[in-house]
Amino acid sequence: MSTKRALQTEILQYRNAERLFRLGARVPIVAEMTHLSSWFLRKLSLEIRGEAPRKGQIPNSDQWYLRRQNHLQASLFCAIYDSVKRVACDEADECALLVSAYSELARALEAAGMTLLMSVDRAWWLLKSLQIRNLQRARCRVCGARYLQPWGKLERNFLCGDCRSQGYTLAGGRSPRRVARGAGHERA
Ligand SMILES: [Zn+2]
């Protein structure tokens with residue numbers, strides 16, 4: 001790697017670390033994503049947040065993402081991450097994608113008047129859980145949205161909680177939404 005390129009990479013890593021800390025990320029996660037030293041990152045964290053970095057275990061439970069409200073937010077985060085990745089330039093690294101997707105999730109929830117439940121650390125672990133196949137995403141056969149599921153659970157014939165609560169069933173085939181859209185001559 002040329003010196004200039006190495007320098008650019010290093011500057012990018014510092015910038016990424018700063019962005020992650022501003023979103024509340026913990027030192028071990030920032031260290032893994034940026035490859036900067038933990039010693040340096042603890043100092044940077046202190047400088048940015050004005051308090052000592054949090055200690056304790058980093059999140060590593062897949063079950064957290066499957067609980068009701070968390071499930072919605074985590075599934076939404078994945079959808080946002082996909083769209084951010086689609087429009088990102090080829091050089092965008094994983095860290096930049098995480099920062100953009102998480103910031104967008106926070107903005108979307110704020111605009112909807114909802115409380116953000118998922119920390120950026122959990123968003124990081126979520127991407128990892130999908131990578132290592134602890135979790136997968138299943139597409140709802142009615143609304144087409146993709147939701148998180150434990151790995152190995154059947155993906156076909158998935159019906160999301162929202163559609164279920166609107167009276168859709170897997171067995172019936174006919175859906176209230178189609179009727180409402182005026183699929184015409186169908187008799188209820
Ligand atoms: Zn659905």
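Going along each chain's sequence as written, the residues are numbered from 1 onward. Residue-level local features of this predicted model are given only where pLDDT is at least 70; pairs of side-chain atoms are given and counted only at 80 or more, and the full residue set underlies all totals for whole chains, interfaces and linings.

## Some details on the overall build of the chain
Our working definition: A run of H or I in DSSP counts as a helix once it spans at least four residues, and a run of E counts as a strand once it spans at least two, with each numbered from the N terminus. Partly exposed residues are those whose C-beta has more than 12 but fewer than 20 other C-beta atoms within 10 Å; 20 or more makes a residue buried and 12 or fewer makes it exposed, with C-beta atoms placed from the backbone. Contacts are defined on C-beta atoms placed from the backbone: any two residues whose C-beta positions lie within 7 Å are in contact.
Check the secondary structure of the chain and you find eight helices and two strands. Out of the 188 residues belonging to the chain, those deemed buried represent 24%. Across the chain, contacts joining residues at least 24 apart in sequence account for 48% of those joining residues at least 6 apart.

## What to know about helix H3 (residues 38-49)
The criterion, for reference: Expected helix span is computed as 1.5 Å times (number of residues minus one). By construction, the arc corresponds to the directions joining the helix axis to the C-beta atoms.
Here H3 is twelve residues long and its end C-alpha atoms lie 16 Å apart, about the 16 Å a rise of 1.5 Å per residue gives. Those residues of H3 that fall on the buried side of the exposure criterion are Leu41, Leu44 and Ser45. End-on view of H3: buried residues confined to an arc of 105°, all on one side of the axis. Counted as exposed and oriented over 90 degrees from the buried face of H3: Trp39 and Glu47. Looking at the buried side of H3, the elements it contacts are helix H1 (3-22) and helix H2 (27-34). Gly50 lies just past H3 and shows a positive phi near 75°.

## Quick look at the packing of H2 against H3
Stated precisely, the cut-off is as follows: Only C-alpha atoms enter the line fits that serve as axes; for helices the fit covers just the stretch in contact. Angles between N-to-C directions range over 0 to 180 degrees. Each angle gets one of four labels, with under 35 degrees taken as roughly parallel, over 145 as roughly antiparallel, 65 to 115 as roughly perpendicular, and the rest as oblique. Crossings are assigned a handedness: left-handed for a near helix turned anticlockwise from the far helix by less than a right angle, right-handed for a clockwise turn. Classification used: nonpolar for Ala, Val, Leu, Ile, Met, Phe, Trp, Tyr, Cys and Pro, charged for Asp, Glu, Lys and Arg, polar for all others including Gly.
Relative to each other, H2 and H3 sit at 125°, their axes nearing to 10 Å. On the basis of their axis angle, the class for H2 and H3 is oblique. The handedness of the crossing between H2 and H3 comes out as right-handed. Contact with H2, carried on its side by Val27, Val30 and Ala31, involves Ser38, Leu41, Arg42 and Ser45 of H3 and no other residues of that element. A breakdown of the residues in the contact of H2 with H3 according to their chemical character gives four nonpolar, two polar and one charged.

## Looking at the environment of Ala106
If you trace the backbone, Ala106 turns up in helix H5 (residues 94-111). As a C-alpha pair, Ala106 and Leu116 span ten residues in sequence and 6.3 Å in three-dimensional space.

## So, the nonpolar core
Basically, it comes down to this: By our criterion, buried Ala, Val, Leu, Ile, Met, Phe, Trp, Tyr and Cys residues that link up through C-beta atoms within 7 Å make up a nonpolar core.
Membership of the largest hydrophobic core comes to 35 residues, with the highest contact counts inside it found for Leu20, Val30, Phe77 and Ala123. Of all the secondary-structure elements, those providing two or more residues to this core are H1, H2, H3, helix H4 (68-87), H5, helix H6 (120-131) and strand S2 (146-150). Counting residues per element, this core draws most heavily on H5, which supplies six residues. Ignoring any residue separated from it by four or fewer positions in sequence, one finds Val30 in contact with Ala17, Leu20, Phe21, Ala25 and Leu41.

## Quick word on unusual backbone geometry
Peptide bonds are trans in most cases, and residues, glycine excluded, mostly fall at negative phi. Unlike most non-glycine residues, His35 shows phi in positive territory, near 65°. Looking at where His35 falls in the secondary structure, it is placed in the loop between H2 and H3.

## Regarding the pairing of S2
Under the convention used in this document: By definition, two strands form a pair when at least two bridges between them are found by DSSP.
Of the strand pairs in this sheet, strand S1 (residues 135-139) and S2 are connected by five bridges, and their pairing is antiparallel. Paired with Arg139 across the strands is Arg146, a residue of S2. Hairpin remark: S1 followed by S2, antiparallel, with six residues in the connecting loop; positive phi at Gly144, about 80°.

## Quick word on the confidence of the model for the chain
Detailed reading of the predicted coordinates is not advisable wherever pLDDT is low. Note the following rule: Confidence scores labelled pLDDT are given residue by residue by the predictor and lie between 0 and 100.
Looking at the chain as a whole, the pLDDT averages 86, with 89% of positions reaching at least 70. Between residues 178-188, whose pLDDT stays under 50, and residues either more than four places distant or in other chains, the model counts three contacts.

## Some words on H6
Its twelve residues place the ends of H6 17 Å apart at the C-alpha level, agreeing with the 16 Å of an ideal helix rising 1.5 Å per residue. Contacts from the buried residues of H6 go to H1, H2, H4, H5 and S1.

## Some points on the environment of Ala31
As for its placement among the helices and strands, Ala31 is situated in helix H2. Taking the C-alpha atoms as reference points, Ala31 and Leu41, ten residues apart in sequence, are found 7.1 Å from one another. What Ala31 contacts, discounting residues up to four positions off in sequence, is Leu36, Ser38 and Leu41.

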